[in-house]
Every structure is written in structure tokens, then in C-alpha cells.
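Chain and residue survey
The residues making up each chain are set out below.
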Protein chains: 2
Amino acid sequence: MKSDPVGISTSRMIELSREESLALLAGVPMGRVGFTSQALPVIRPVNHLVDGDTIVIRTHTGSALMHHTSLDEVMVYEADHLDPLTQTGWSVMVTGRARLITEPLQADRYRDLLIAWIDRDLDEIIGIQTELVTGYRLNR
Amino acid sequence: MKSDPVGISTSRMIELSREESLALLAGVPMGRVGFTSQALPVIRPVNHLVDGDTIVIRTHTGSALMHHTSLDEVMVYEADHLDPLTQTGWSVMVTGRARLITEPLQADRYRDLLIAWIDRDLDEIIGIQTELVTGYRLNR
């Protein structure tokens, strides 16, 4: 804990290991996926599950997300649990190639495990590889 | 409300106007900024304030965020309030050019209004223009 010039205490930022980061990510239901679409950065909140070295999310056919997955593009996935009142919590960021999961049994299993939140056909399953994993905790 | 094939109800996605979206964004203390750094997408959670047509955030000298701001680069800012239990809430996404705010009086005013959460020198003030604003609400 440290005071800033106006006397308000701030939090310490503590780096997390890959293992700690992935455990935190696996423990929450949602995060935000980031990618580049038509030269512009895009962020979308989605729900996820973590299966081994893959973050699994759903999308609909024709989405910008889907379009970029077909190119084996690198995406970022961020999840956090930060309390604005105490200014404590954690954030995890994963960067890796995204691919469409097309193997029918595997895709069906993920469709069962990862319930769509919205009334659209979120039929496509995307896996993001956990290639680069960083995370931090904010402590008082 | 609609049921999916396994009988679990899902939420309806309702588009928000620019005004509704910016009002929701202004009403929460934090969001996530997205940009491209060394050809990779990056997402960082930050606290913000909305001042007219600008989203104001803080960063430290030498950050990746800062580096890209100097190039008048386009960034995305996303904020949401989504409840994983009820699968309702909202998300807002703003896309626009980011610039460093260097005018001393204006920068000082923002430094007073926007308290740094962490014990680093978050001396630099970045303004993201609200050029493209989209948002939706998930209702039951």
C-alpha cells in the first residue's frame, strides 16, 4: 500500500504465474475476446470454458469473430475480477491462435457444456490457444 | 425469451442508441481498452471517466498504450455490466482515435478526477474519441 500525492492509498500490482492465471480464468464464466476486424480493434464480452490449453467460446456463423478464426488469426482473451470500491482483484490476459473446432463430437460436447446466453444460433465453436498467459493481482 | 434445444431459456439482445450507450458507460467506473501492439491484440482493464465526446483514461510513461497513442491510433473501449447468473445486462463498445492529453491544466484536472488504482506513476492522460458507439442490452 502506498499513498498518492492527494493522500489516497493505491493497490500493489503483483504478477501471477501462468498456472495461477489459468486457474483464475477457469473459475469465472465470462471474459472479453479481442481481435482486429477491418483494421479496427474489437472487444466482445463472451462466456467461456477452459479445457486444458484451450479457451473455448461460441459464436454465430457470419460473425466478425468467426471470419477471423478461419485465418488462424491471433486473438486475445481477457478476464478479470476487479472491485472498483476497494480497487483490488485480478486480471488475466491470454494471447494465442484461434481456430474453429469442426470435429463434430468435440464441437457437440462444447455446445453442451457452454450454454449460449442469447437467442441467436451460436453454433460455431472457437478454441483460443493459451500461448502467452499473463496476469496480475491488485492487493492492498 | 426463447428456449434453446436443451430447454434453457436465453436472453434477447436489444440494440442501444449512441446516447443510451454513452450514458451507461459514464455510469460505471471501469472498462477495457483494446489496441494492437507489435501486431498482437491487447486488452487492458482500466478505470475511466467520460467527458463530453471523450473517454479519459490514465497510463504510465513507457506503456504500450502510451506508445500507440502518440501515433493517433484507433483504439476500442468496452464496458459492460453482465450478470452470468441471469445472463442479463449490457455491453457498450466505443471505437475512436486516441490522443495524449498534453495541455497542462486539462491534464491536471483529469489527474484529479481520475484516481490511479495502482502504485505506479500513471501520469499520462489519454483521451479516446467516441467516434463509433455501439451497445446492446440482454433482456429476459
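Before reading on, note that the structure itself is shown above.
Read on for an overview of the structure. The model shown is predicted, which means the values in this text are computed figures rather than measured ones.

Comments concerning the relation of the copies chain A and chain B
- At an RMSD of 0.0 Å, chain A and chain B line up after a rotation of 180° and a shift of 0.0 Å along the axis. Taken together, these values place the two copies in the relation of a two-fold axis.
- An overlap of 100% is found between the interface residues of chain A and their copies at the interface of chain B, pointing to a shared contact surface.

Brief notes about the pairing of strand S11 (residues 132-139) of chain A
Residue and element names in this part refer to chain A.
- Bridge analysis of strand S3 (residues 12-15) against S11 gives 4 bridges, and the strand direction is antiparallel. Its bridge partner being in S11, Met-13 is matched across the sheet by Leu-138.
- As judged from the 7 bridges shared by strand S9 (residues 88-100) and S11, these two strands associate in the antiparallel manner. Each bridged residue has a counterpart across the sheet, and for Met-93 the counterpart in S11 is Thr-134.

Some thoughts on the environment of A:Pro41
- Mapped onto the fold, A:Pro41 is located in strand S5 (residues 40-47).
- Residue A:Pro41 is classed as buried on the basis of its relative accessible area, which comes to 6%.
- Expressed as a C-alpha distance, the spacing of A:Pro41 and A:Glu19, which sit 22 residues apart in the sequence, is 28 Å.
- Here A:Pro41 is in contact with A:Phe35, A:Thr36, B:Gly34, B:Phe35, B:Val74, B:Met75 and B:Val76, once residues within four sequence places are set aside.

Section: unusual backbone geometry
Residue and element names in this part refer to chain A.
- In the Ramachandran plot, Gln-38 falls in the positive-phi region, its phi being about 50° despite a non-glycine side chain.
- With respect to the helices and strands, the residue Gln-38 is situated in the loop between strand S4 (30-37) and S5.
- With a relative accessible area of 74%, Gln-38 lands in the exposed category.

Section: the side chain of A:Ser37
Residue and element names in this part refer to chain A.
- For Ser-37, the location among the structural elements is in strand S4.
- You can call Ser-37 buried: its relative accessible area is 14%.
- Residues contacting Ser-37, with those up to four places away along its chain left out, are Val-42, Ala-64 and His-68.

Regarding the interface of chain A and chain B
- Taken residue by residue, the interface counts 41 residues in chain A and 41 residues in chain B.
- Our count for the chain A to chain B interface comes out at 4 salt bridges.
- The salt bridge partner of A:Arg32 is B:Glu78, with a shortest N-O separation of 3.9 Å.
- Counting the contacts that link chain A with chain B gives 4 residue pairs in polar contact (both at pLDDT 80 or more).
- Within the residue set of the side of chain A that touches chain B, elements represented by two or more residues are S3, S4, S5, strand S8 (74-83), S9 and S11 of chain A.
- Classifying every residue of the side of chain A that touches chain B by side-chain character gives 25 nonpolar, 7 polar and 9 charged.

Quick notes on the pattern of salt bridges
Residues and elements named next belong to chain A.
- In this structure the tally under the stated criterion is 14 salt bridges over all chains.
- A salt bridge links Arg-18 to Asp-53; its shortest N-O distance comes to 3.7 Å. Taken together, the positions of Arg-18 in helix H1 (residues 18-26) and Asp-53 in the loop between strand S6 (49-51) and strand S7 (54-59) put the pair 35 residues apart, joining distant regions of the chain.
- On the accessibility criterion, Asp-53 (48% relative accessible area) is partly exposed.

As for the pairing of strand S10 (residues 124-129) of chain A
Residue and element names in this part refer to chain A.
- Burial runs high along S10: 5 of the 6 residues are buried.
- Relative to S10, S9 is paired through 3 bridges, and the arrangement is antiparallel. Bridge assignment links Arg-99 to a residue of S10, and that residue is Gly-127.

What counts and what doesn't
Once a new chain begins, its residue numbering starts again from 1 and follows that chain's sequence as written. Chains and ligands are labelled by the order in which they are written, letters from A for the one and numbers from 1 for the other. Per-residue local features are limited, in this predicted model, to residues with pLDDT of at least 70; the limit for side-chain atom pairs, both in listing and counting, is 80 or more; totals at the level of whole chains, interfaces and linings are taken over all residues. To obtain the side-chain values, all non-hydrogen atoms of the structure were included, while hydrogens and water were left out. Only residues with pLDDT of at least 70 in both copies contribute their C-alpha atoms to the least-squares superposition of the copies. Whether two residues are in contact is decided by their heavy atoms, any of which lying within 4.5 Å being enough. A pair of strands is labelled paired if DSSP reports no fewer than 2 bridges between them. Strands are runs of DSSP state E lasting at least 2 residues, helices are runs of H or I lasting at least 4, and numbering of each runs from the N terminus. A simple rule labels every residue: compare its accessible area, found with a 1.4 Å probe on the protein chains alone, to the largest value its type can have, and call it buried under 20%, exposed over 50%, or partly exposed in between. We count a salt bridge whenever a side-chain nitrogen from Lys or Arg sits within 4 Å of a carboxyl oxygen from Asp or Glu. Side-chain atoms alone can form a polar contact between residues adjacent in sequence; in general such a contact is a pair of N or O atoms within 3.5 Å, and within protein one must be able to donate a hydrogen while the other accepts it. Following the grouping adopted for this structure description, the nonpolar residues are Ala, Val, Leu, Ile, Met, Phe, Trp, Tyr, Cys and Pro, the charged ones are Asp, Glu, Lys and Arg, and the polar ones are all others, Gly among them.

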